[in-house]
Amino acid sequence: MNHPTELRARLYADMDPANLTPLWESLHALVPRQPRSPSVPALWRYDEVRPFLMRAGEVITAEEAIRRVLILENPGLRGQSAITQSLYAGLQLILPGEVAPSHRHTATALRFVVEGEGAFTAVNGERTTMRPGDFIITPSWTWHDHGNESDQPVVWLDALDIPTLRLLDAGFAEDYGAAQQPVLRSEGSNFARFGSNMAPMAHDAETDPHGATSPLFCYPYARSREALARLRRDAPVDPWDGVKLRYVNPATGGWPTPTLATFLQLLPAGFEGKAWRQTDGAVFSVVEGRGRAVIERDVDGQVHRSVFEFGPRDHFVVPSWHCCRLAASEDTVLFSFSDRPIHSALGVLRQERLD
Ligand code: GTQ
């Protein structure tokens, strides 16, 4: 009875009620040689998702749902409302005439418009009309409501740092008390102040004094798309990324939000990208074109490979430290977001470009 295995088992059992557990049984899992994310590569084809979204539109109103969203749940994280361990993503539907009531929360949100035109989101007293491909920020703790005064359904991608705030136990939220916040400024006022590589002279009380979140809250697709078109003609195409730009906070040059990094890239027709991997898990929203993502991970010498053929409005996730190669059969534009600002802030960001 004094064989080490039995003595150990007895120790574990005896100390368990005291909330004690031996490190040596889990050391390798706790301090891995390299990331072994429980999240897996996944693709959501818009053809498949859209009918469910429209059915959601028949069974619940935006007002009753507060936010009528189908969560893109990672198959490796079912039940956790997460697309990666740190990030949440969903597709939100707002039908003509509907309002998603005003509230605020500590979670930072971004919207990326997927289908339809003419809905608006209001942030801190100013509305912005949503057009396909627009990237819109809802900074932490700002009042926001969404409405649709057009005659078509509007769908956008929501990305929030909800799982990160859950980890930190830093989630707070409040309802505004009325469906919509008052409009204090005319549309375009924010863009005039911050969207022209210029900034107001006077200290703007409504901008974030810490500079953690961009004071510009809408980055219109037309501008970003034009930049990519121009660079495609004038600059070398990167063998890994094609033509890729990151969105910036114009006040700091840093990421637009403290937790979410965002990017827009163009893959020219015929592009066959080289492989890369990075610790930040990334989610892609296909804006234009068609292509393929090949995502691989080596698990104990065995290669797991996913091949996703994607087209407009499809979404896919590349989890941490998975090798990804992107290819395009037509000119393709991809929006993506990741948790890179968190990795950078903690000094643990790793990126590799492979051959
Ligand atoms: O629009 O405020 O997808 O609070 C999840 C939580 C959207 C929003 C989501 C939210 C919102």
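Described below are features of the structure shown in this document. As the structure is a computational prediction, the values presented were derived from the model and not from experiment. (Residues numbered from 1 in each chain as written. Predicted model: local features only at pLDDT ≥ 70, side-chain atom pairs only at ≥ 80, totals over all residues. Heavy atoms only, no water.)

### Here we look at the pattern of salt bridges
The condition is simple: For salt bridges, the criterion is a side-chain nitrogen of Lys or Arg within 4 Å of an Asp or Glu carboxyl oxygen. For the purposes of this entry, the term helix denotes a DSSP run of H or I that reaches at least four residues, the term strand denotes a run of E that reaches at least two, and both are numbered from the N terminus. Burial here depends on accessible area, computed with a 1.4 Å probe over protein chains only, as a share of the maximum for the residue type. Under 20% is buried, over 50% is exposed, and the range in between is partly exposed.
Within the structure shown, the criterion is met by 21 salt bridges. Measuring nitrogen to oxygen at the nearest pair gives 3.3 Å for the salt bridge that ties Glu126 to Arg185. With Glu126 in strand β7 (residues 126-130) and Arg185 in the loop between β11 (173-175) and α6 (189-194), this residue pair connects regions lying 59 residues apart in the sequence. Accessibility assignment for this pair places Glu126 and Arg185 in one class, buried.

### Let's talk about the nonpolar core
For clarity, the cut-off: Put simply, buried Ala, Val, Leu, Ile, Met, Phe, Trp, Tyr and Cys residues joined by side-chain atoms within 4.5 Å make one nonpolar core. What makes two residues a contact is simply this: any of their non-hydrogen atoms within 4.5 Å.
Core analysis: the biggest nonpolar cluster contains 47 residues, and Ile83, Leu91, Phe135, Val155, Leu157, Phe335 and Phe337 have the highest contact counts within it. Ranked by residues supplied to this core, first place goes to strand β10 (residues 154-160) with five residues. Among all residues touching Val155, those that are not within four sequence positions of it are Tyr46, Leu53, Met54, Leu91, Gln92, Leu93, Val113, Val114 and Glu115. Core analysis: the next-biggest nonpolar cluster, separate from the first, contains 17 residues, Leu267, Phe284, Ile295 and Ala328 among them.

### Things to note about the sheet that holds strand β12 (residues 218-219)
Within a sheet, neighbouring strands are paired by backbone hydrogen bonds and run either parallel or antiparallel to one another. Under the convention used in this document: Two strands form a pair only when DSSP identifies at least two bridges running between them. Axes here refer to lines fitted to C-alpha atoms; in helices the fit is confined to the stretch in contact. Angles between the N-to-C directions go from 0 to 180 degrees.
Spatial strand order, β2-β3-β10-β5-β8-β12: six strands in an open sheet with antiparallel pairing. Looking at which strands have only one partner, the edges of the open sheet turn out to be β2 (69-71) and β12. Strand direction decides the pairing type here: strand β3 (residues 88-94) and β10, joined by seven bridges, are antiparallel. The partner of Ile94 across the bridge, within β10, is Val154. Taken strand by strand, helix α3 (residues 46-59) contacts β2, β3, β5 (109-115) and β10, and its axis lies near 55° from that of β3.

### With respect to the sheet that holds strand β4 (residues 99-105)
Strand order in the open sheet formed by five strands is β7-β6-β9-β4-β11, with antiparallel pairing between adjacent strands. Each having just a single partner strand, β7 and β11 make up the two edges of the open sheet. Geometrically, the sheet is characterised by an average inter-axis angle of 25° between neighbouring strands, direction not taken into account. In this sheet, strand β9 (residues 144-148) lies alongside β4 in antiparallel orientation, the contact comprising three bridges. Bridge pairing links Val99 to Gly147 in β9.

### Overview of α3
Stated formally: Expected helix span is given by 1.5 Å per residue-to-residue step, counting one fewer step than there are residues. The reported arc concerns the directions from the helix axis to the C-beta atoms and nothing else.
The end-to-end C-alpha distance of α3, which contains 14 residues, comes to 20 Å, matching closely the 20 Å that a straight helix rising 1.5 Å per residue would cover. Regarding α3, the residues found buried are Tyr46, Val49, Leu53, Met54, Ala56 and Gly57. The buried residues of α3 occupy an angular sector of 150° when the element is viewed end-on, so they sit on one face. Those residues of α3 that are exposed and angled more than 90 degrees off the buried face are Asp47, Arg55, Glu58 and Val59. In this structure, the buried side of α3 is in contact with β1 (42-44), β2, β3, β5 and β10.

### Examining the site of the ligand
Selection rule: One heavy atom within 4 Å of a molecule or strand is enough for the residue carrying it to be called near that molecule or strand. In protein, a polar contact means a hydrogen-donor-capable atom and an acceptor-capable atom, both N or O and within 3.5 Å, with residues adjacent in sequence counting only if both atoms are side-chain atoms; elsewhere, any N or O pair within 3.5 Å suffices. Only the protein chains shown count as cover for residues, with accessible areas throughout obtained via the Shrake-Rupley method and a probe of 1.4 Å. The nonpolar class holds Ala, Val, Leu, Ile, Met, Phe, Trp, Tyr, Cys and Pro. Asp, Glu, Lys and Arg form the charged class, and all remaining residues, Gly among them, are polar.
Neighbouring the ligand are Arg67, Val69, Tyr88, Gln92, His103, His105, Arg111, His144, His146, Asp158 and Leu160. At a separation of 2.9 Å, an oxygen atom of the ligand approaches a polar side-chain atom of His105. Calculation on the ligand without its partners gives an accessible area of 290 Å², and the protein chains cover 89% of this total. Secondary-structure elements contributing two or more residues to the shell around the ligand are β3, β4, β9 and β10. Grouping the amino acids of the shell around the ligand by side-chain chemistry returns three nonpolar, five polar and three charged.

### A short note on the side chain of Arg340
Within the secondary structure, Arg340 is located in helix α8 (residues 340-346). Not counting residues within four places of it along the chain, the set of residues in contact with Arg340 comprises Trp255, Ala261, Phe263, Gln278, Asp280, Leu349 and Gln351.

### Things to note about the layout of surface pockets
What counts, and what does not: Buriedness of a pocket was judged along seven lines, with at least five required to meet protein on both sides within 12 Å; pockets are open sets of points on a 1 Å grid over the protein atoms alone, cavities are sets where a 1.4 Å probe fits but cannot get out, and lining residues have an atom within 4 Å of a point. Grid points are joined across faces, edges and corners, and a volume is the space filled by probe spheres set on the points.
Computed from the structure, the largest pocket encloses a volume of approximately 700 Å³. Together, 23 residues line the largest pocket, and Gln85, Ser86, Ser320, Asp339 and His343 are the ones closest to its centre. When contributions to the lining of the largest pocket are tallied by element, the ones reaching two or more residues are α2 (27-30), α5 (162-168) and α8. If you trace the second largest pocket, you find 18 residues lining it, with Asn197, Tyr219, Arg223, Ser224 and Val248 closest to the centre. Looking at the lining of the second largest pocket residue by residue, the class counts come to 12 nonpolar, four polar and two charged.

### Notes on the environment of His105
For His105, the location among the structural elements is in strand β4. A residue is classified by how much of its surface remains accessible, and His105, at 13% relative accessible area, is buried. For the pair His105 and Thr259, spaced 154 residues apart in sequence, the C-alpha to C-alpha distance is 14 Å. Here His105 is in contact with Ser140, Trp141, His144, Leu160, Phe172 and Ala173, once residues within four sequence places are set aside. Among the polar contacts listed, one links the side chain of His105 to the side chain of His103, at a separation of 3.3 Å. In terms of polar contacts, His105 uses its side chain to reach the backbone carbonyl oxygen of Ala107, at 3.0 Å.

It is worth stressing that arrangement in space is one thing and function is another; only the former is reported here.
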